[in-house]
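Listed here are the chains, written in short residue letters.
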Amino acid sequence: MLEKCLAGQWRISELDWDREPPAMSRQKEEEVVQYFTDMAGIERIAAALFEEQAARATDPRLRAIFKTFVDDELRHARAAELLAEHYNVNEYRIYRQSETLHHFAYHFINALRHLSPEVATVYVTVGELLLDVALLRSIDGFVDDAMSSEVMTRINRDESRHIAIDFYMTEYYSSEEYQKELAKAPKRPLREELAAWYAFGQTMRHARPFLKAIFLDPMAEIDPHGERILEAFSRYQNLIERPNIRKRPLPATILRTQALASFGPTAKIAQRYAALVGLPVQMLDPSLIKKPSKRSRAQSARTEAKPA
Ligand SMILES: [Fe+2]
Ligand SMILES: [Fe+2]
């Protein structure tokens, strides 16, 4: 994998940035530039996360892999900034990253230092699937231009390596070998336990406005049928249904809530519970608990049934 990560590095200067951007309405130009401006911020958060993972990794190869991910995410951030500049033809206004992004990033990165590596990996994996894959692909579809597509193709290649390692880490933390090791570790002192809960609470408090501004509002415009979001959750579903993983507390909670949601009399309870623990409502989509082979069929039927 490390060889793959090193071989997969690319340079922003490989691309031809001198081409003419397509004509766009004022509204579209403003949206596109704002999306890429915020995307740069998201990519920098991702870089900080992998920096943290690299610092924690005890295996030197894994640490080296995470370091290449930091480089990838910083390159994605730079590419997003250049794309924002590229499409900012008329300079209608000054674009700034959403304030919510900075508040969230600060608390999220702090919380990750306190969370167990297993739980931290859940957030990193879901975050990557939603923000680094679903959101980016939707933005690219919305921009519909070769410059953006060429950048996104390269970013997606990097992202598939990140997701592969996120999945690998999830498997590892769910393994009996890791659980045995964990059982031997001394219990955390109360003060640290409280600090962890405080950091987690602060993250959740800032997650809502952040997700609304950076993810939900743009996605309502560029992925109106929620196809990309469901696609991302399907990939996560494939992961948490794996034998070892499904027994772990967080995946087990998700699977149990989904089962309750799919059963008429308990559906309301499941929805309330999901809102309470911060499970996105899309994760309760009935198509997700179908067998993987039937899942995508059920999802496309579901989105096709909706008016365009
Ligand atoms: Fe990225
Ligand atoms: Fe990534």
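Caption draft 1: Structural context of the overall build of the protein chain. A tally of regular secondary structure across the protein chain gives twelve helices and zero strands. For 308 residues, the compact-globule formula gives about 19 Å, and the C-alpha radius of gyration of the protein chain, at 20 Å, lands near that figure. Each principal axis of the C-alpha distribution contributes one length, and for the protein chain these read about 60 × 50 × 35 Å. Put simply, the protein chain has 308 residues, and 32% of those count as buried. Sequence-distant contacts, at least 24 apart, represent 79% of the contacts inside the protein chain between residues at least 6 apart.

Caption draft 2: Highlighting helix α11 (residues 264-277). Taking 1.5 Å of rise per residue, 14 residues should cover 20 Å, and α11 covers 21 Å from first to last C-alpha, within 8% of that figure. For α11, the buried fraction is low: one of the 14 residues fall into the buried class.

Caption draft 3: Examining the packing of helix α2 (residues 26-56) against helix α5 (residues 117-143) more closely. Closest axis-to-axis distance for the α2/α5 pair is 11 Å, and the angle between their directions is 155 degrees. For the element pair α2 / α5, the angle class is roughly antiparallel. By crossing handedness, the relation of α2 to α5 is classed as left-handed. Facing α2, whose interface residues are V32, Y35, M39, I42, A46, L49 and R56, α5 presents P117, V124, L131, D132, L136, I139 and V143. A per-class count over the contact of α2 with α5 returns twelve nonpolar, no polar and two charged.

Caption draft 4: Just unusual backbone geometry, in detail. A positive phi angle, close to 45 degrees, is found at E91, a residue other than glycine. Here E91 shows up in the loop between α3 (60-87) and α4 (99-114). With a phi angle near 55 degrees, D144 is a residue other than glycine that sits in the positive phi range. Locating D144 in the fold gives a position in the loop between α5 and α6 (146-174). When the 12 C-beta atoms within 10 Å are taken as the criterion, D144 is described as exposed.

Caption draft 5: Representation of the nonpolar core in the model. Among the nonpolar cores identified, the biggest contains 53 residues, and F36, M39, L130, A134, L135, L136 and A232 are the most heavily contacted of them. Ranked by residues supplied to this core, first place goes to α5 with eleven residues. Non-local contacts of L130, meaning those with residues more than four positions away in its chain, are made with L135, F215, I229 and A232.

Caption draft 6: Molecular detail of the environment of V124. Along the chain, V124 turns up in helix α5. Here V124 falls in the buried class, since 24 other C-beta atoms lie within 10 Å of it. In sequence terms V124 and R248 are 124 residues apart; their C-alpha atoms lie 16 Å from each other. What V124 contacts, discounting residues up to four positions off in sequence, is L49 and D166.

Caption draft 7: Structural context of the packing of α5 against α6. One way to put it is that α5 packs onto α6 with a least axis distance of 10 Å and a crossing angle of 160 degrees. Between α5 and α6, the crossing angle belongs to the class labelled roughly antiparallel. Every pair of crossing elements has a handedness; the one defined by α5 and α6 is left-handed. Taken together, the residues of α6 that come into contact with α5 (itself represented by P117, E118, T121, V124, T125, E128, L129, D132, V133, L136, D140 and V143) are S148, S149, M152, I155, E159, H162, I163, D166, M169, T170 and Y173.

Caption draft 8: Layout of the confidence of the model for the protein chain. In the predicted model, the protein chain carries a mean pLDDT of 85, and the fraction of residues at 70 or more is 94%. The least confident element of the protein chain, judged by mean pLDDT, is helix α12 (residues 292-304) at 61; the most confident is α3 at 95.

Caption draft 9: View of the environment of F108. Along the polypeptide, F108 turns up in helix α4. Taking the C-alpha atoms as reference points, F108 and M204, separated by 96 residues in sequence, lie 8.5 Å from one another. Discounting residues that sit within four places of it in the chain, F108 has contacts with I45 and T203.

Procedures and definitions
Residues numbered from 1 in each chain as written. Chains lettered and ligands numbered in written order. Predicted model: local features only at pLDDT ≥ 70, side-chain atom pairs only at ≥ 80, totals over all residues. Helix = DSSP H or I, 4+ residues; strand = E, 2+ residues; numbered from the N terminus. Rg over C-alpha atoms; globule rule 2.2 N^0.38 Å. Buried ≥ 20, exposed ≤ 12 C-beta atoms within 10 Å, placed from the backbone. Contact = placed C-beta atoms within 7 Å. Expected span 1.5 Å × (residues − 1). Axes fitted to C-alpha atoms, helices over the stretch in contact; angles between N-to-C directions. Parallel < 35°, antiparallel > 145°, perpendicular 65-115°, else oblique. Left-handed = near helix turned anticlockwise from the far one by under 90°. Nonpolar A, V, L, I, M, F, W, Y, C, P; charged D, E, K, R; others polar. Core = buried A, V, L, I, M, F, W, Y, C linked by C-beta atoms within 7 Å. pLDDT = per-residue confidence, 0-100.

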